[in-house]
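Working through the structure, step by step
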Amino acid sequence: MTDRTSEPHSGADPAPESPAPTADTSAGPGPRQELAAGAVLAGLSLFALFWLIPNHTGEATSDHEVAPGFFPQVAAGALLVLSLLLVGHRLIRFRKLRSIRPATGGFAVLTEIAILAAGTLVVAWALGAAGYLVVAPAMMAAGLLAGGERRWWAIGLVIAGMTAATWFGADLLFGVQLP
Amino acid sequence: MPHRSKSRSAILAFSAFMAPAVAIGGMAAPAVAADYPSKPVTLVIPYRAGGSMETMGRVFTKALGKELGTRVVLKTRPGAGGAVGALEVSKQKPDGYTLLFAASVSLLWHPMTRDIGFGLDSFTYIAKVTDSQMALIARQDAPFNTLKELIAHAKKKRLNYADQGPMPRAFVNFIGSKEGVSWTSIPTKGGGEMVPFLLGGKVDFAWSGGIHNRFPKKMKVLLSFNSGRLIASPDIPSMQELYGVSMPSPVVIVGPKGMDPALVAKIEAAIKTAAADKAFEDLVTKKLKFPAAFVGHKALTAQIQQVIAGMKRVVAATKK
Amino acid sequence: MIEQLIAGFGNALTVTNLLFIAAGITLGIVIGVIPGLGSVTALAVLIPITFYMSPLAAIAFLVGVNKGGTSGGAIPAILLNSPGTPEAAATALDGHPMAKRGEAQRALKFALFSSVTGDTISDVLLIVLVVPFAAIALQFGPLEYTAVLLFAFALLSGISGDSPIKGLIAIAVGVFLSTVGLDPVDGSQRMVFNEVELFDGFPLFSLAVGSLAMASVLGQLFELWRAKGEKRLSVEEYSRIETRLPAREFFGHWKTIGRSALIGSGVGMLPGLGVTLAAFLSYGAARRASKEPQSFGRGNPQGIIATEAANSAVVGANLVPAIALGIPGNIAAALLIGAFIIHGIVPGPFMLTNHGELIYALFASMLMANGVHLVIGRIGIPLWARIAQTPRAIILPPVLVMCIVGVYLPNQSIFGVGVMLAFACLGLAFQRLGFPIVCMVIGFLLGGMLENSLRQSLRLHQSDLTAFLGSPIALVFLALTLFVLLRALRRA
């Protein structure tokens, strides 16, 4: 326990903000990413308004009643307006914003999401096909390696311990067999 | 370890796929019935934990396990008013190791009105353990005391009622269409939302799946939606008496279609004894105020066919 | 009533009972720590164990589970920024920044103390006001719920952080997602593509755990990956900077505590609104009342107080509709009602007259449970804080797996896990692009409720919107909504 906490370099960085592990405020996106996000959202809401909702919702059955599609339309409409506003605002103030908040990491977001989406598909498929006892250790191994952990005994310990704990815990405490 | 679980799920997937073929074959069936149960039985309850159905199922699981002499594993699989769990069970092998504990409503309404992945004939009805107590109810101080008075009232003024889904709405509107009145349905999510709306005077009357038994001094029953009268209000007529149709009230235990008759008989016998289990009977009759009404495979299957015929009439009459 | 309560204490104050309460709270906290599992799952799982207990012991145990399960969710939210429930997300907003600057233990203490205080206030209100409260709850129909929900939306738009437009976009996405599923009125399919598992819409727990907890953990893992282990991102060196939280400092925030407990109790007594709404209403109100609203979301302890006091206050108040009317205020209360029934107590208007002795013993147990909660929670804090001292690379991957287990357990649905994974992707994208994901989750939750109430109102009053004028309660809330919106506009 104690030897792990005194990793090299871990105490060397005195500023808590700079390596902030979450992206809540510090590592904000630049205006270019925001423009792209706004455009994508506007596109999606158009898609919802003109194809998804008309084709996949029922019709109003009586008077004094809004159609089932009404609420989705309101939400998608609001989304369209708001994302266009976002695009407009960021376009108008592009230069200024760019000087205050230069993009951090460019479009690394896309790489991350792509990796994640691929991982998601694999995990979802593997859970059904191979079961929890394959997926959980693999996920943890990937996570530990990505996190920079390189001590094999630690990796093995965490994987074995967690897999066993969740598997038997689910069975004993909840009476549920994990897939 | 990975290999084992991989092959196991492969077998599961394969068997789900092959279920109809096995059912038609049925050759090895007597042997299956003889050594049943040789492994834990899964009882699926397609409702969220906490409702009276789930409570009942939980206690029943224990009694059934005692009776079968094996571990009965309870699996809650809620969603779409019971359809998610029903769909899952309908796809299993009819070997008696996967059973479903559900209100028959969950098995009948969806396949009648939409394409849902299982049909009216997807299940083997093994036994009924009790009847839901479905009723048309009003506040105790409502200006009508019988269904007739309610209808007379509805002709003077448009009334609102709380339904708890499309099927109750269809049945209440069926009454309306027979009597030449129309009323407005207010969709509510379950009894928990209906009770305050009714007691708070937001709606004039309501459909109830049985929760009214908890409020004998605040609510009155106008009609039983069951095929027979309700145990708590034996003087109130049933819909079957007045209109010749009824809602599916049986609470049943079913398996996938194509179960071997010997196996069905064996499970039926176990259910019969389990349904008479003291803890279960105490819960059902004393605490939930449901009747103890065991009915076996043959009689139940006939009863369900009758209910289906009535439901088809209601669907046809209320469809626009 | 005082005598009855004293008699209740006489019945409830036994060693066995205290042990059951303690066991319940401990189990509740431990289960609540797992993302996706809260008091609801804890109760569902543990009710069968109570079959063999005496009614009072069983109910005392379950009350403990409910309290522990509700407060346990704050722990991963504060330490790892991986809230498992939407209401814990509100705790994470300020709790995690506090932990990052080395005040993990203080944040946990703030959470525990406010939880216990809020709970106690709500329990006392429950005991004193159970009868009149029930009468008020009956006044709430579709119109009133619609007005309350509109008010909630107005408050919500205020907590969306730095860029209001992004907050609104996130809310709109959430509302849109809430419309997937069978139509609440006529049961027709809406964007369901005939998928039975989608009939009830996206499962809330999958959506919340995926987009809140899992996305956050994945985000942190990606950060670690990018840092290539050279710069180890860990908070261990800061976690002991400040651990003390004197009682005087805590009670210095009495205004926030009181306001939040009242909001929580008010929301709790209305069936169906739930813990999350209470947490966010209270957070929004605290931010609004604060002289420096910008400090919220950056580690202002008042954010933790507001959330935790309110969501724990729901726990006690939720029993008001259960005891007075026999209807559950939320799923946790429904489970408790189920347990009552199993033990031969039929909840409803006659519970107080028929089982008065037991009910007052229950009230006494609830008050005792608060004391026990404080002790057990306090013992746990240094233990939990050790988690913050373990390197992130070790602690995060197991949390990922726990998310999967937590979502799978209650419904045993692989589909639910798939939805969670998809929302983890969406959540990470939102997070990276600076959209407040919490707003999406709350929009999702409230959107469905608002649509339901609004469409009920429309049918009930034949689309006549002047019906709102006939309801004083609705008018009050509509006026409040207008007030909040106008003030927000004037500030902007």
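Rules used in this analysis
- Residues numbered from 1 in each chain as written.
- Chains lettered and ligands numbered in written order.
- Predicted model: local features only at pLDDT ≥ 70, side-chain atom pairs only at ≥ 80, totals over all residues.
- Heavy atoms only, no water.
- Helix = DSSP H or I, 4+ residues; strand = E, 2+ residues; numbered from the N terminus.
- Buried < 20%, exposed > 50% of the residue type's maximum accessible area, 1.4 Å probe, protein only.
- Contact = heavy atoms within 4.5 Å.
- Areas by Shrake-Rupley, 256 points an atom, 1.4 Å probe, with all protein chains shown as cover.
- Salt bridge = Lys/Arg side-chain N within 4 Å of Asp/Glu carboxyl O.
- Buried area = accessible area lost by both parts, 1.4 Å probe.
- Polar contact = N/O pair within 3.5 Å; in protein donor to acceptor, adjacent residues only side chain to side chain.
- Nonpolar A, V, L, I, M, F, W, Y, C, P; charged D, E, K, R; others polar.
- Domains from an automatic or database assignment.
- pLDDT = per-residue confidence, 0-100.
- Pairing = 2+ DSSP bridges.
- Axes fitted to C-alpha atoms, helices over the stretch in contact; angles between N-to-C directions.
- Expected span 1.5 Å × (residues − 1).
- Phe/Tyr/Trp six-rings, centres within 6.5 Å; stacked < 30°, edge-to-face > 60°.
- Lys NZ or Arg CZ within 6 Å of the ring centre and 35° of its normal.

If you tally the helices and strands in chain A, you get 7 helices and 0 strands. Listing every helix and strand of chain A by position from the N terminus yields α-α-α-α-α-α-α. Put simply, chain A has 179 residues, and 42% of those count as buried. For chain A, the share of sequence-separated contacts (at least 6 apart) that also reach a separation of at least 24 residues comes to 59%. As displayed, chain A offers around 9300 Å² of accessible surface, 71% of which is attributable to carbon and sulfur atoms.

Below, the discussion takes up the overall build of chain B. Scanning chain B for helices and strands turns up 12 helices and 10 strands. Per-residue burial over chain B gives 59% buried out of 320 residues. Considering only intrachain contacts with a sequence separation of at least 6, the fraction spanning at least 24 residues in chain B is 77%. Per element, the accessible surface of chain B, about 13000 Å² overall, is 58% carbon and sulfur.

To continue, consider the pattern of salt bridges. Applying the stated criterion across every chain, the model contains 23 salt bridges over all chains. The salt bridge partner of Arg169(B) is Asp163(B), with a shortest N-O separation of 2.7 Å. The pair formed by Arg169(B) and Asp163(B) is uniform in burial state, with each residue classed as buried. Put simply, Lys75(B), Arg77(B), Glu88(B) and Glu197(C) are held in one network by salt bridges that share partners.

Turning next to the interface of chain C and chain A. In this complex, chain C contributes 84 residues to the contact, which on the side of chain A involves 82 residues. Here chain C meets chain A over a buried area of about 7100 Å², counting both sides, of which 74% is carbon and sulfur. Applying the counting criterion to the chain C and chain A interface returns 2 salt bridges. Of the charged contacts, one joins Arg432(C) and Glu112(A) as a salt bridge, the two residues approaching to 2.9 Å between their closest N and O atoms. Connecting chain C to chain A are 5 residue pairs in polar contact (both at pLDDT 80 or more). Looking at the side of chain C that touches chain A, the element that brings in the most residues is helix H18 (residues 392-411) of chain C, giving 12 residues. By residue class, the composition of the side of chain C that touches chain A is 46 nonpolar, 18 polar and 20 charged.

In this assembly, 49 residues from chain C lie in contact with 48 residues from chain B. When the area that chain C buries against chain B is broken down by residue, the three leading residues are Leu138(C), Val196(C) and Ile341(C), summing to 13%. Connecting chain C to chain B are 2 salt bridges. Where Glu197(C) meets Arg77(B), a salt bridge forms, and the shortest distance between an N and an O atom there is 2.7 Å. Our count for the chain C to chain B interface comes out at 8 residue pairs in polar contact (both at pLDDT 80 or more). Secondary-structure elements contributing two or more residues to the side of chain C that touches chain B are helix H7 (142-158), helix H15 (331-342), H18 and helix H20 (437-460) of chain C. The biggest single contributor to the side of chain C that touches chain B is H15(C), with 7 residues.

Moving on to the domain arrangement of chain B. Residue and element names in this part refer to chain B. Each domain of chain B was delimited in the assignment, giving domain 1 (8-132 + 249-318) and domain 2 (135-243). Using only C-alpha atoms to locate each centre, domain 1 and domain 2 end up separated by 29 Å. Residue-level contacts link 16 residues of domain 1 with 14 residues of domain 2. In this assembly, domain 1 packs against domain 2 so that about 1300 Å² is buried in total across both faces, 66% of it on carbon and sulfur atoms. Between domain 1 and domain 2 we count 1 residue pair in polar contact (both at pLDDT 80 or more) in total. Sorting the residues of the side of domain 1 that touches domain 2 by element identifies helix H5 (105-113) and helix H12 (297-318) as the ones contributing at least two each. Sorting elements by how many residues they give to the side of domain 1 that touches domain 2 places H12 first, with 7 residues. Split by residue class, the side of domain 1 that touches domain 2 holds 8 nonpolar, 5 polar and 3 charged.

All names here are of chain B. Confidence in the prediction of chain B, expressed as mean pLDDT, is 83, and 89% of residues score 70 or more. Here helix H1 (residues 2-25) stands out as the element of chain B with the lowest mean pLDDT, 40, in contrast to strand E5 (residues 135-139), whose mean of 95 is the highest. The model gives residues 1-30 a pLDDT under 50, and that stretch makes 19 contacts with residues more than four places away or in other chains. Both scores are given for the predicted complex: the pTM is 0.82, the ipTM 0.81.

Residue and element names in this part refer to chain B. Counting buried positions along helix H4 (residues 83-90) gives 7 out of 8 residues, so the element sits mostly inside the fold. When H4 is considered as a whole, its buried residues turn out to be Ala83, Val84, Gly85, Ala86, Leu87, Val89 and Ser90. Close packing links the buried residues of H4 with strand E1 (41-45), strand E3 (98-103), H5, strand E4 (123-131) and strand E10 (250-256).

This brings us to the sheet that holds E10(B). Residues and elements named next belong to chain B. Strand order in this open sheet of 5 strands is E2-E1-E3-E10-E4, and the pairing throughout is mixed. What marks the edges here is a single partner per strand, and that holds for strand E2 (72-76) and E4. When strand polarity is set aside, the average angle formed by the axes of neighbouring strands in this sheet is 25°. Where E3 meets E10, 4 bridges bridge the pair, whose relative direction is antiparallel.

Residues and elements named next belong to chain C. Among the structural elements, Ile381 can be located in helix H17 (residues 356-389). Along the primary structure Ile381 and Ile75 are separated by 306 residues, whereas in three dimensions their C-alpha atoms are 8.9 Å apart. When near neighbours in sequence (up to four residues on either side) are disregarded, Ile381 contacts Gln105, Leu108, Lys109 and Leu112.

The next thing to look at is the sheet that holds strand E8 (residues 205-208) of chain B. All names here are of chain B. Strand order in the open sheet formed by 5 strands is E7-E6-E8-E5-E9, and the pairing between neighbours is mixed. Since the sheet does not close on itself, it has two edges, and those belong to strand E7 (184-187) and strand E9 (219-224), each with one partner. When strand polarity is set aside, the average angle formed by the axes of neighbouring strands in this sheet is 30°. Here E5 runs beside E9; their pairing, made up of 5 bridges, is antiparallel. If you follow Ala135 over to E9, its bridge partner there is Ser224. Against the sheet, helix H6 (residues 147-156) touches E5, E8 and E9, its axis set at about 95° to E9.

Here we take up helix H19 (residues 414-433) of chain C. Residues and elements named next belong to chain C. Here H19 spans 29 Å end to end across 20 residues, near enough to the 28 Å set by a 1.5 Å rise per residue. Counting buried positions along H19 yields 15 of 20 residues, so the element is predominantly enclosed. Count one or two residues on from H19 and you reach Gly434, which has phi positive near 80°.

Evaluation of the coordinates by the stated rule reveals 21 aromatic pairs over all chains. Aromatic side chains Phe47(A) and Trp51(A) sit 5.4 Å apart centroid to centroid with 25° between the ring planes, which places their arrangement in the stacked category. Linking Phe47(A) with Trp51(A), this pair stays in helix H2 (residues 31-56), spanning 4 residues, or about one helical turn. Relative accessible area serves as the criterion here: at 43%, Phe47(A) is assigned to the partly exposed category. With relative accessibility at 40%, the residue Trp51(A) sits in the partly exposed group. With a centroid separation of 4.9 Å and 75° between ring planes, the pair formed by Phe250(C) and Phe251(C) is classed as edge-to-face. On the basis of relative accessibility, which here comes to 1%, the residue Phe250(C) falls in the buried class. For Phe251(C), a relative accessible area of 46% corresponds to the partly exposed category. Through pairs of rings, three or more aromatic residues link up here, namely Phe110(C), Phe113(C), Phe250(C) and Phe251(C). The cationic tip of Lys39(B) hangs over the ring face of Tyr97(B); the distance from NZ or CZ to the ring centre is 4.7 Å.

All names here are of chain C. Note that Ala42 resides in helix H3 (residues 39-46). Of the residues examined, Ala42 reaches a relative accessible area of 0% and is grouped as buried. C-alpha separation for the pair Ala42 and Asn66, spaced 24 residues apart in sequence, amounts to 7.5 Å. Ala42 has contacts with Ile31 and Val65, leaving out every residue within four places of it along the chain.

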